[in-house]
Amino acid sequence: MNLILYSKPGCHLCEGLHEKLVQIDNLTVEPRDITTRDDWFRAYQYEIPVLFWVDESGVERQLPRPSPRSNVAQLEQMLQKYTQISG
């Protein structure tokens, strides 16, 4: 499963989510720093962390923002739920 994580340096919520996501098996996380592109910054400056699932056809689908209190198992459950519904 491929995910995109829009974040920026110094964002503790982003860092915490990334740390948890990389612990999930069979998951690839592509971090995207919103400060590197104006369009990303305008779109997500007040929303980060923003998580997208890239489905089998390459379509990026935004996922609900998980609670910062979610543990790795809860994140994995959320990902399974939303990727099955969307797929």
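The notes below deal with the structure included here.

Basis of the calculations
Residues numbered from 1 in each chain as written. Predicted model: local features only at pLDDT ≥ 70, side-chain atom pairs only at ≥ 80, totals over all residues. Heavy atoms only, no water. Helix = DSSP H or I, 4+ residues; strand = E, 2+ residues; numbered from the N terminus. Buried < 20%, exposed > 50% of the residue type's maximum accessible area, 1.4 Å probe, protein only. Salt bridge = Lys/Arg side-chain N within 4 Å of Asp/Glu carboxyl O.

1. Things to note about the environment of E15
Positionally, E15 belongs in helix 1 (residues 12-21). Owing to a relative accessible area of 36%, E15 belongs among the partly exposed residues under this scheme. For the pair E15 and T36, spaced 21 residues apart in the sequence, the C-alpha separation amounts to 17 Å.

2. With respect to the pattern of salt bridges
Scanning the entire structure with this criterion turns up four salt bridges. D39 serves as the salt-bridge partner of R37, at 2.6 Å between the closest nitrogen and oxygen. What makes R37 partly exposed here is its relative accessible area of 39%. Residue classification places D39 among the partly exposed residues on the basis of a relative accessible area of 34%. The salt bridge partner of R61 is D55, with a shortest N-O separation of 2.8 Å. Here D55 falls in the buried class, since its relative accessible area comes to 8%. Connected through salt bridges with shared partners, the residues E30, R32 and E60 form a single ionic network.

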